[in-house]
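# What the coordinates show
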2 protein chains.
Amino acid sequence: MSLADLEKSLPPGRLILDPDVIAKYLHDEAEWAPFERPLAVLRPRTAEEVQIAVRWCIDTGTAVVARGAGTGLSGGANALRDCMVIVLDGMTTIREIDPLERLAVVEPGVVNDDLRRACEELGLWYPPDPASSPWSTIGGNVATNAGGVCCLKYGVTRDYVLGVQVVTGTGDLVRLGRRTAKGVAGYDLAGLMVGSEGTLGIITEVTVRLRPSRLPERTVAGYFDSIVTAGRAVEAVAASGITPSALELVDKQCLLAVDAWKNMGLSVDADVLLLGRVDTPGAIGDDEAHRLQRVFEEAGANWAVHSTDQTEADALFAARRLAYPAMERLGPVLTEDICVPIRAVPQMLARIERIAAHRETTIANIAHAGDGNLHPLLIAPHDDNAARARAQAAFTDIIDAALELGGTVTGEHGVGLLKMDGLAKELDPAVLDMHYSVKRALDPHNILNPGKVVPAR
Amino acid sequence: MSLADLEKSLPPGRLILDPDVIAKYLHDEAEWAPFERPLAVLRPRTAEEVQIAVRWCIDTGTAVVARGAGTGLSGGANALRDCMVIVLDGMTTIREIDPLERLAVVEPGVVNDDLRRACEELGLWYPPDPASSPWSTIGGNVATNAGGVCCLKYGVTRDYVLGVQVVTGTGDLVRLGRRTAKGVAGYDLAGLMVGSEGTLGIITEVTVRLRPSRLPERTVAGYFDSIVTAGRAVEAVAASGITPSALELVDKQCLLAVDAWKNMGLSVDADVLLLGRVDTPGAIGDDEAHRLQRVFEEAGANWAVHSTDQTEADALFAARRLAYPAMERLGPVLTEDICVPIRAVPQMLARIERIAAHRETTIANIAHAGDGNLHPLLIAPHDDNAARARAQAAFTDIIDAALELGGTVTGEHGVGLLKMDGLAKELDPAVLDMHYSVKRALDPHNILNPGKVVPAR
């Protein structure tokens, strides 16, 4: 079957062959991950259209790369040579929000914030809140098992996925998982799809679990004069037994970048900012917020404040959210995504400082610090090959340090292309073998995002 | 390699060939599930001993059935003809409880309540609380993805498993998952092991996530004169937006059985008892408990009481926990384990009543009602073949009704042997194919609990 045959079997306009339009779908936001020219781009409106395309790809031996908004940071959505890129951002229907069963059924192209807003109107909450939530899609969030600020207390995307509809590697359109609160009927194949980055199936619908609207949060900000001291405060929070609803870190370089963009005046007061939130209701929550402030102080904060001003508190968190795009404005940013045990956070932050010095690379830091999930941001201009080589070496050093400290090479961004070497270092060869076996079992024609996540043997 | 060779490669006493001892390990607590005579029983003390045995089984084509305390209710641990039963109840070391990282590392034979007690001493909480918690092991809980009373608010075993060590179908000893709060390095193979009932690997160690000690709970009891009215109250609780920390149902037959055993005097007041708990702290929680009581009353409770007496509240929950063993004292109990949408709970309970009448079978009911997870208990004496045939027909009717109402054939007990027909009804043939593919991929010699969970083709 030729591409023209495929085009005829789909509604008009779905298959895109215009090179200028195709050029929009070449890669995600991962710096330095390679990408190639696809054969065509499909923008489907239904699961059946995805199925038609996947079957065509099986028949013709064409690789399939699925993507949503393309906000990924590991190259998972980068186009492969002569592949079919399936862009799911046109499937944006929220099919159902059911307050009684506390679930929502959505098409994969629904933007995270759009789902959250729709839930909120019904007194419900979809917690996963990656920094990309204004743009990234639920399908992409599921494919990468996206995290965010809420994870510390409320878990990651996987914790909210009840079921998925997928087009499989054999071209079947199936539903995995369930709509009930509990269920153990067979293997957890829905869970297996979560975080598999398009290598085991193309997600065409997602059923997510919801919570009741969240309770008001109190914000506690701590200003520290070194990143390692801030790291010790993170460890001290964990030791205190408090479970904050957020515990984020933003360093001076990020604060300066935000100020340069939005003129918020944040960088005046702090070298490193720790932002904690507490949503435990009532007096117990008030007490926890005060304890959190004391923990910051006792761990060496120059200044810690329990914010009673919601506008001010929101501004601090807005700065956290803007940190990454603010840094990107200043030049290409290679984003790390390691996750280490909480006890290792101070050490890991110290190691990052030493690596930056040793590799003569500018490294800024934002972090979901309470999870031990650090995002060192490596900065190197496009036109400076030596600087890029040093940054690449620093990237590898950081991965090695994280593994040495008992951590993982990716906390929430996924393996994609950037972390394949890291994955091979992290996993036992026998565990890698299990990955190959599962991949072969569910994608026997090896057409689903081949060569990503699991390193070629 | 002969069995004698295997015996020599293991420490003395590990391999059991004495038929009288072997007889203790023939089956779990599932009524009516078939079992056969094993070749031998292994009671290992280390993961390496499990590995030696599994490798021997691969070499000799011997099936492996893993089990913990044998409290399963689906026949998943039932011996197969000439198999090797690996009993993990001798591996009872709690290796580590880490309050800062909020995790524990345990051997698979650790009894659920023992882990919970050890955690409690450190101000921590391991939530999954199947009714079998005084006897069942963490390994078994993980293999079946056990639920319990806490699930409604705090989730099931899967939600607490960070990592597992397993002996694989290829005889490798590997660690899957992680110790960090987050991580997306590769496929969720640890999650895939959870609930796979010994068909994809033998669990030799488990790393679980912990929570801080739970907050005090308020208990609200509602007495209803029909099970369908109680079911409507369950639906009304969900509609109210309250998230109870427990919402359990016990019917008159169970209350009578508990009274006959423990003389608690519970059956005097109620035909059907709904037991709710609320652990939201402070005034908000007090308000929720009062609202819960009002919801019970408005839904038609004869009497609803917000218990302030902890002893009385504990007694009510003890009755819930004793209901199953109390019924068992009266004769063989075939336990159902369907889970339906909350909205379908009243209908499902009505269907169970009709099925009991139609099939002339005594069916008592306990339920994790707030999850829609119902446990109709089918009673039929061993020596009455006609009654057993009717009960078997009722069992199938209940499964069919649950599927018709959008439910699943097993909420928390697993597929084992009893729900294999149900699984084949529930899953799409293409999804069953995915199960076969995954099973073949990870158990290429087909030695891990073969013929269980996934129906033979």
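## Side note on the domain arrangement of chain A
Residue and element names in this part refer to chain A. Annotation of chain A at the domain level lists domain 1 (3-87), domain 2 (94-212), domain 3 (215-326) and domain 4 (331-442). Inter-centroid distance (C-alpha atoms) of domain 3 to domain 4 is 24 Å. Taken together, the contacts link 18 residues of domain 3 with 20 residues of domain 4. At the boundary of domain 3 with domain 4, total buried surface from both sides reaches about 1,600 Å², with 67% on carbon and sulfur atoms. Contact with domain 4 buries surface across domain 3, with Ile 227, Leu 249 and Tyr 324 losing the most and accounting together for 32% of the total. Scanning the region where domain 3 abuts domain 4 turns up zero salt bridges. Linking domain 3 with domain 4 are eight residue pairs in polar contact (both at pLDDT 80 or more), by the criterion used here. At the level of secondary structure, the elements contributing two or more residues to the side of domain 3 that touches domain 4 comprise helix H8 (227-240), strand S13 (246-251), helix H9 (252-262) and helix H11 (310-329). With seven residues, H8 is the largest single contributor of residues to the side of domain 3 that touches domain 4. Grouping the amino acids of the side of domain 3 that touches domain 4 by side-chain chemistry returns 11 nonpolar, two polar and five charged.

## With respect to the relation of the copies chain B and chain A
If you rotate chain B by 180 degrees and push it 0.0 Å along the axis, it lands on chain A with an RMSD of 0.0 Å. Both copies of the chain, as the preceding transformation shows, are related through a two-fold rotation axis. When the interface residues of chain B are mapped onto chain A, 100% of them are again interface residues, pointing to one common binding face.

## Notes on the state of the cysteines
All names here are of chain A. For the structure shown, the criterion picks out zero disulfides over all chains. Counting only cysteine sulfurs, Cys 57 is the nearest neighbor of Cys 83, a cysteine outside any disulfide, at a range of 8.5 Å. The class of Cys 83 is buried, set by a relative accessible area of 0%.

## Notes on the interface of chain B and chain A
Across the contact, 75 residues belong to chain B and 75 residues belong to chain A. Of all residues in chain B, the largest losses of buried area upon contact with chain A belong to B:Lys182, B:Val184 and B:Tyr187, amounting jointly to 17% of the total for that side. Summed over the shared surface of chain B and chain A, the number is 10 salt bridges. For the pair chain B and chain A, the number of links is 26 residue pairs in polar contact (both at pLDDT 80 or more). Sorting the residues of the side of chain B that touches chain A by element identifies strand S9 (173-177), helix H7 (189-193), helix H8 (227-240), helix H14 (420-426) and helix H15 (429-442) of chain B as the ones contributing at least two each.

How each quantity is defined
- Residues numbered from 1 in each chain as written.
- Chains lettered and ligands numbered in written order.
- Predicted model: local features only at pLDDT ≥ 70, side-chain atom pairs only at ≥ 80, totals over all residues.
- Heavy atoms only, no water.
- Domains from an automatic or database assignment.
- Contact = heavy atoms within 4.5 Å.
- Buried area = accessible area lost by both parts, 1.4 Å probe.
- Salt bridge = Lys/Arg side-chain N within 4 Å of Asp/Glu carboxyl O.
- Polar contact = N/O pair within 3.5 Å; in protein donor to acceptor, adjacent residues only side chain to side chain.
- Helix = DSSP H or I, 4+ residues; strand = E, 2+ residues; numbered from the N terminus.
- Nonpolar A, V, L, I, M, F, W, Y, C, P; charged D, E, K, R; others polar.
- Least-squares fit on C-alpha atoms with pLDDT ≥ 70 in both.
- Disulfide = S-S within 2.5 Å.
- Buried < 20%, exposed > 50% of the residue type's maximum accessible area, 1.4 Å probe, protein only.

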